[in-house]
Amino acid sequence: MTTWVFGYGSLVWRPAFPFAERRPGFVHGWKRRFWQGSSDHRGVPGAPGRVVTLLRAKAICWGMAYRLDPATEDETLARLDVREQGGYERVLEDVHFRAHPTEKALVYIATETNPSYLGPAPLSEIAAQIRASTGPSGPNIEYVLELARAFREMGVVDEHVEELARLLERE
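The structure displayed is predicted, hence computed values, not measured ones. Each chain has its residues counted from 1, running along the sequence as written. Residue-level local features of this predicted model are given only where pLDDT is at least 70; pairs of side-chain atoms are given and counted only at 80 or more, and the full residue set underlies all totals for whole chains, interfaces and linings. In computing side-chain values, all of the structure's heavy atoms are included and hydrogens and water are not.

Trainee: An account of the confidence of the model for the chain is requested, with residue identities and associated values reported.
Mentor: Low pLDDT means the predicted atomic positions in that stretch should not be read closely. A score between 0 and 100, pLDDT records how confident the predictor is in each residue. Mean pLDDT over the chain stands at 95; residues scoring 70 or higher make up 99%. Helix numbers and strand numbers start at the N terminus; a helix is a DSSP run of H or I with at least 4 residues, a strand a run of E with at least 2. Summarising per-element confidence for the chain, the mean pLDDT is lowest in helix α2 (residues 73–83) (94) and highest in strand β1 (residues 4–7) (98).

Shown next, in the form of structure tokens:
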């Protein structure tokens, strides 16, 4: 069986794991929001950064799908489970592609019931928190700006990411 992983945050621009193939794609019924706290990657305990999660919505969410190499699949999934341990759970979703058939893919989603969930806030407050946060994986602002850059290169528009990137580039 072929295993795909769909990334919609840092996995879009920094997968940091081996893969056999990667393709831009999207999932139906989800929107991306910077509502998840990160005290293990883009912030620290007591001063979490903000990273993305998915919320149910009448929308599509673009990202990057990775077909895992069967020879390294178990190791890769174990590493992803550690990377996404800050409140994320695996779900299986259909990923749609421009020129390929739909594939089932694992998607890591942080629900509002996890202890690191920060929830909504005005974009100006989200931007201020991101600007002030740095963690073991680097500055939180890098996460936002690299995600926005990757989407621009893919020809994808995500208003939430774009508006937040504009706020952070202005300050």
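Trainee: Could you give an account of the nonpolar core, with specific residues and numbers?
Mentor: Buried together is how nonpolar side chains tend to be arranged in soluble globular proteins. Of all hydrophobic cores here, the largest spans 53 residues; its most connected members are F6, Y8, F34, L54, I130, L147 and L164. Ranked by residues supplied to this core, first place goes to strand β3 (residues 49–67) with nine residues. Here, nonpolar core refers to any group of buried Ala, Val, Leu, Ile, Met, Phe, Trp, Tyr and Cys residues whose side-chain atoms link them within 4.5 Å. Burial here depends on accessible area, computed with a 1.4 Å probe over protein chains only, as a share of the maximum for the residue type. Under 20% is buried, over 50% is exposed, and the range in between is partly exposed.

Trainee: I'd like a description of the pattern of salt bridges, backed by residues and values.
Mentor: Pairs can form between side chains of opposite charge whenever their charged atoms are close. Note on definitions: salt bridges are taken to be side-chain nitrogens of Lys or Arg within 4 Å of carboxyl oxygens of Asp or Glu. The final tally for this structure, using the stated rule, is twelve salt bridges. The residue R32 makes a salt bridge to D158 at a minimum N-O spacing of 2.8 Å. With R32 in strand β2 (residues 21–38) and D158 in the loop between α4 (140–154) and α5 (159–170), this residue pair connects regions lying 126 residues apart in the sequence. The same class applies to R32 and to D158, which are both buried. Close ionic contact of E146 with R149 constitutes a salt bridge, the shortest N to O distance being 2.6 Å. Of the two residues, E146 and R149 both sit in helix α4, three residues apart, roughly one turn of that helix. By relative accessible area, which is 24% here, E146 ends up partly exposed. On the basis of relative accessibility, which here comes to 32%, the residue R149 falls in the partly exposed class. Several salt bridges converge on common partners, so that one network encompasses E21, R23 and R67.

Trainee: Pulling in residues and values, what's your account of unusual backbone geometry?
Mentor: The phi dihedral of A16 is positive, around 55°, even though this residue is not glycine. Examined against the element boundaries, A16 turns out to sit in the loop between α1 (10–13) and β2.

Trainee: Give me the lowdown on the layout of surface pockets, citing residues and values where you can.
Mentor: Put simply, the largest pocket is a space of about 340 Å³. Definitions used throughout: a 1 Å grid over protein atoms alone; a cavity as a set of points that fits a 1.4 Å probe which cannot get out; a pocket as an open set with protein on both sides within 12 Å along at least five of seven lines; a lining residue as one with an atom within 4 Å of a point. In this structure, the largest pocket is lined by 23 residues; those nearest its centre are S10, H41, R83, E84 and Y143. Broken down by secondary-structure element, the contributors of at least two residues to the lining of the largest pocket are β1, α1, β2 and β3. Along the lines of polarity and charge, the residues of the lining of the largest pocket split into nine nonpolar, nine polar and five charged. Grid points are joined across faces, edges and corners, and a volume is the space filled by probe spheres set on the points. In this classification, the charged set is Asp, Glu, Lys and Arg, the nonpolar set is Ala, Val, Leu, Ile, Met, Phe, Trp, Tyr, Cys and Pro, and all remaining amino acids, among them Gly, are polar.

Trainee: Report on the packing of aromatic side chains, specifying residues and quantitative values.
Mentor: Here is the rule: rings of Phe, Tyr and Trp (six-membered ring for Trp) pair when centre to centre is within 6.5 Å. Planes less than 30 degrees apart are stacked, more than 60 are edge-to-face, and the remainder are tilted. One pass over the full model with this rule turns up six aromatic pairs. When the ring of F17 is compared with that of Y66, the centres are 5.2 Å apart and the planes differ by 70°; the resulting orientation is edge-to-face. Here F17 is found in the loop between α1 and β2, whereas its partner Y66 is found in strand β3, with 49 residues between them in sequence. Of the two residues, F17 and Y66, both sit in the buried class. Where F26 meets W62, the ring centres are 4.8 Å apart and the plane angle is 55°; that geometry is what we call tilted. Of the two residues, F26 is situated in strand β2 and W62 in strand β3; the sequence distance between them amounts to 36 residues. Classification of F26 by relative accessible area gives buried; the value is 15%. By relative accessible area, which is 14% here, W62 ends up buried. In this structure an aromatic cluster arises from ring pairing among F17, F19 and Y66. In this analysis the charged atom, NZ for Lys or CZ for Arg, is taken to sit over a ring once it is within 6 Å of the ring centre and within 35 degrees of the ring normal. When the ring centre of F97 is taken as origin, the NZ or CZ atom of R23, which lies over that ring, is 4.8 Å away.

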